[in-house]
Amino acid sequence: MTSYFERENRQISNRFYNLALDRAESRDLYGASILLKKALAFNNKNINARNLLGLIFYEEGAVTEAIVQWLISRDMLKNEGNPANEYLVKVQEDEDTEKFFQSVKLYNAALDDVKYDRSDLAKLKLNKAIELNEHNVKAMMLLSLILLQMEDHIRAGAYLLKCQKIDKGNQFVNEHMEYVLKNTKKNEVKEKRIQNIYSIKKLEADDAILPKRYIKLSENQKVIFVLIGIIIGALSYSLLIMPHNNTSAALSNQNEVIRYAELVNDQNKIIRDITIENNQLKTDYEDASTKLKAYEDQNKVFTSQYETLNSIISDFDNGYISRAARNYVELDKDAITDETLVTLLNQARSRIEGIGAKRLCELGTESWNGGNKTAAISYYQLSLSINPDDPETMFLLARLYQNLERYKEANEMFDKIIALHPQSNYARRSREARGY
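Along each chain, the written sequence defines residue order, and numbers are assigned to residues from 1. It should be noted that, the model being predicted, local features are given only for residues of pLDDT at least 70 and side-chain atom pairs only at 80 or more, the latter also being counted only at that level, while totals for whole chains, interfaces and linings use all residues. Water and hydrogen atoms were dropped before computing side-chain values, which therefore reflect all heavy atoms in the structure.

### A word on the overall build of the protein
Logical step 1: The secondary structure listing takes helices from DSSP runs of H or I that are at least 4 residues long and strands from runs of E that are at least 2 residues long, numbered from the N terminus. Broken down by element type, the protein carries 20 helices and zero strands.
Logical step 2: Out of the 436 residues in the protein, the part that is buried amounts to 38%.
Logical step 3: Any pair of residues with heavy atoms lying within 4.5 Å of one another is described as a contacting pair. A separation of at least 24 residues holds for 55% of the contacts in the protein among residues at least 6 apart in sequence.
Logical step 4: Looking at the protein as shown, the accessible area adds up to about 25,800 Å², and 51% of this sits on carbon and sulfur atoms. Relative accessibility thresholds used throughout: buried, under 20% of the residue-type maximum; exposed, over 50%; partly exposed, between the two (1.4 Å probe, protein chains only). Using a 1.4 Å probe, the Shrake-Rupley method yields the accessible areas, and only the shown protein chains count as cover for residues.

### Some remarks on the packing of aromatic side chains
Logical step 1: By convention, a stacked pair of Phe, Tyr or Trp rings (six-membered ring in the case of Trp) has centres within 6.5 Å and planes under 30 degrees apart, an edge-to-face pair has planes over 60 apart, and any other such pair is tilted. Across all of its chains, the model carries six aromatic pairs by this definition.
Logical step 2: With a centroid separation of 6.0 Å and an interplanar angle of 80°, the aromatic rings of Tyr58 and Phe100 are classed as edge-to-face. One end of the pair, Tyr58, is in helix α3 (residues 47-59); the other, Phe100, is in helix α6 (residues 97-115), with 42 residues separating them in the sequence.
Logical step 3: By relative accessible area, which is 23% here, Tyr58 ends up partly exposed.
Logical step 4: Residue Phe100 is classed as buried on the basis of its relative accessible area of 13%.
Logical step 5: Aromatic side chains Phe395 and Tyr426 sit 5.8 Å apart centroid to centroid with 55° between the ring planes, which places their arrangement in the tilted category. Of this pair, Phe395 sits in helix α18 (residues 391-403) while Tyr426 is found in helix α20 (residues 425-434), placing the two residues 31 residues apart along the sequence.
Logical step 6: Assessed through its relative accessible area of 22%, Tyr426 is described here as partly exposed.

### Examining the environment of Ile418
Logical step 1: Following the sequence through the fold, Ile418 ends up in helix α19 (residues 407-420).
Logical step 2: When its relative accessible area of 15% is taken as the criterion, Ile418 is described as buried.
Logical step 3: Between the alpha carbons of Ile418 and Arg428 there is a distance of 7.8 Å; along the sequence they are ten residues apart.

### Remarks on the pattern of salt bridges
Logical step 1: The term salt bridge refers to a side-chain nitrogen of Lys or Arg lying within 4 Å of a carboxyl oxygen of Asp or Glu. Across all of its chains, the model carries 19 salt bridges by this definition.
Logical step 2: With a closest N to O distance of 3.7 Å, Arg155 and Asp152 form a salt bridge.
Logical step 3: For Arg155, a relative accessible area of 10% puts it in the buried group.
Logical step 4: Residue classification places Asp152 among the partly exposed positions, given a relative accessible area of 23%.
Logical step 5: A single network of salt bridges, built from pairs that share partners, joins Asp113, Arg118 and Lys125.

### Digging into the nonpolar core
Logical step 1: For our purposes a nonpolar core is just a set of buried Ala, Val, Leu, Ile, Met, Phe, Trp, Tyr and Cys residues, chained together by side-chain atoms within 4.5 Å. In terms of nonpolar packing, the biggest core is built from 76 residues, with Leu36, Leu126, Leu309, Ile312, Leu341, Ile352 and Leu360 touching the most fellow members.
Logical step 2: Top contributing element to this core by residue count: helix α8 (residues 137-149), with nine residues.
Logical step 3: Those residues in contact with Leu309 that sit more than four places away from it in its chain are Leu331, Ile336, Leu341, Leu344, Leu345 and Ala348.
Logical step 4: Formed by 16 residues, the second largest nonpolar core is a distinct cluster that contains Met394, Ala410, Phe414 and Ile417.

### Brief notes about the environment of Tyr179
Logical step 1: With respect to the secondary-structure elements, Tyr179 resides in helix α10 (residues 171-184).
Logical step 2: The spatial distance from the C-alpha of Tyr179 to the C-alpha of Leu148 is 9.5 Å, given a sequence separation of 31 residues.
Logical step 3: Discounting chain neighbours no more than four positions away, the residues touching Tyr179 are Leu148 and His153.

### Topic: the confidence of the model for the protein
Logical step 1: Summarising the model, the protein shows a mean pLDDT of 77, and 75% of its residues fall at 70 or more.
Logical step 2: Along the chain, pLDDT gives the predictor's confidence residue by residue, from 0 to 100. Confidence drops under a pLDDT of 50 for residues 187-217, and excluding neighbours within four residues, the segment shows 51 contacts in the predicted structure.
Logical step 3: In this model, residues 231-262 is a region of pLDDT below 50 whose contacts with residues beyond four sequence positions or in other chains number eleven contacts.

### Comments concerning the packing of α18 against α19
Logical step 1: Axes here refer to lines fitted to C-alpha atoms; in helices the fit is confined to the stretch in contact. Angles between the N-to-C directions go from 0 to 180 degrees. Between α18 and α19, the least distance of the axes is 8 Å, while the angle of their chain directions is 155°. By the angle between their axes, α18 is roughly antiparallel relative to α19. Considering how the two elements wind past one another, α18 and α19 form a crossing that is left-handed. In contact with Pro391, Met394, Phe395, Leu397, Ala398, Arg399, Tyr401 and Gln402 of α18, α19 contributes Tyr407, Glu409, Ala410, Met413, Phe414, Lys416, Ile417 and Leu420.
Logical step 2: When residues are sorted by character, Ala, Val, Leu, Ile, Met, Phe, Trp, Tyr, Cys and Pro go into the nonpolar class, Asp, Glu, Lys and Arg into the charged class, and all the rest, Gly among them, into the polar class. Split by residue class, the contact of α18 with α19 holds twelve nonpolar, one polar and three charged. With respect to orientation, any angle under 35 degrees is reported as roughly parallel, any angle over 145 as roughly antiparallel, any angle of 65 to 115 as roughly perpendicular, and every other angle as oblique. If you view the pair so one helix is near and one far, a crossing is left-handed when the near helix is turned anticlockwise from the far one by less than a right angle, and right-handed when it is turned clockwise.

### Here we look at the packing of α8 against α10
Logical step 1: Two elements in contact, α8 and α10, have axes separated by 12 Å at closest approach and are oriented at 25°. By the angle between their directions, the pair α8 and α10 is classed as roughly parallel. Classified by chirality, the crossing of α10 by α8 is left-handed. Residues Met141, Leu145 and Leu148 of α8 touch α10, and the partners they reach there are Phe172, Val173, His176, Tyr179 and Val180.
Logical step 2: Of the residues belonging to the contact of α8 with α10, the class tally is seven nonpolar, one polar and no charged.

### Topic: α3
Logical step 1: The length a helix should cover is 1.5 Å for every residue beyond the first. Taking 1.5 Å as the rise per residue, α3 with 13 residues should run 18 Å; its terminal C-alpha atoms sit 18 Å apart, in good agreement.
Logical step 2: Listed in full, the buried residues belonging to α3 are Ile47, Ala49, Arg50, Asn51, Leu52, Leu53, Gly54, Ile56 and Phe57.

### A closer look at α8
Logical step 1: Compared with the 18 Å implied by 1.5 Å per residue over 13 residues, the 18 Å span of α8 between its first and last C-alpha is a close match.
Logical step 2: Buried residues dominate α8, accounting for ten of its 13 residues.
Logical step 3: Three or more residues of α8 are buried, namely Val137, Ala139, Met140, Met141, Leu142, Leu143, Ser144, Ile146, Leu147 and Leu148.
Logical step 4: The inward-facing, buried residues of α8 abut α6, α7 (119-132), α9 (153-166) and α10.
Logical step 5: Looking at the residues trailing α8, positive phi occurs at Glu151, about 65°.

The structure is reproduced here in structure tokens:
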């Protein structure tokens, strides 16, 4: 039966959802997301609120966060009437989904580049991230910040304006757009005119970390430059050894040789500089690839942990205690740090460690009484893997070992009870069973 407080919380949650729906319909996604989070705080089973929050995340380019919300929604309400099922199917079938994931990865890699003061490399990745997903609001916001730092107000305004079209309620975007308008002195310009002023264009070569010369200079061209220099030097030298009657003319030819030799040396220096820059770019690329791979692996770990925790809770609630307990014991609980997963972990812990271990002990006794001693041992051992110091379970398992004439294991268990619980009734009974 639903309590009064549960009904009140559900009603409050629905009110927040209705307000959020109005905000979302007016393209105030930022305000809508805040209201939806409040709705879920009062009732985390508000499927409509969770599905809408997922849609907002998806619209803003946060594909991973959207999928998480829909997965939770689907697991809470598994019938066909839940729109989350349709959303997840569409994401799987959408040819652009892989591009969206790549866009998220590039944005996260760019964050690290900004952290380590590699703004040029961050610009490249953010530009590519926006190409892959034109709704990646976070990427456009970060790129606009970098451009503002470079005092490129016009281009920063282009990305901020695009963000406003996606989410007109985003406070960060609106505040920085005011700053851009103030610095470009376009406060009174109509929006149509602003669109013309702040038109987004692709980053040019001189905006990127790659030198322009490197882009145009192939390996064959490098060789040709060197050969040209050598040939010019050789030709000039040949002029010197030719007989001349005029000393000043000979001196002039010698100066020409020196000048051409300096040109060759300059070309060689350019090639060396390009090689050094190319090696640095390769290092940066490998570093970015490593971080992208780590992020991809992190997503896989998150999905695996979420599915395992959800199956533990589901199995326990549906009576599959043994399977739930085994999965819980095998789970690397220390590796779970995500806030959402920690909440699920606490729910699983309260079930398994709270009453699960006790129930497994009872199942062991029932199996023993039913003549299935092998199953009884399995239940007792599984119970002890969750609560290893429980004296009752240890004593029952020791007695069962004794019954099966496995005296060494029985005595080890009796000794453990005596050592851990010396003043308990089970310690006294263990001493009697041991014969001292």
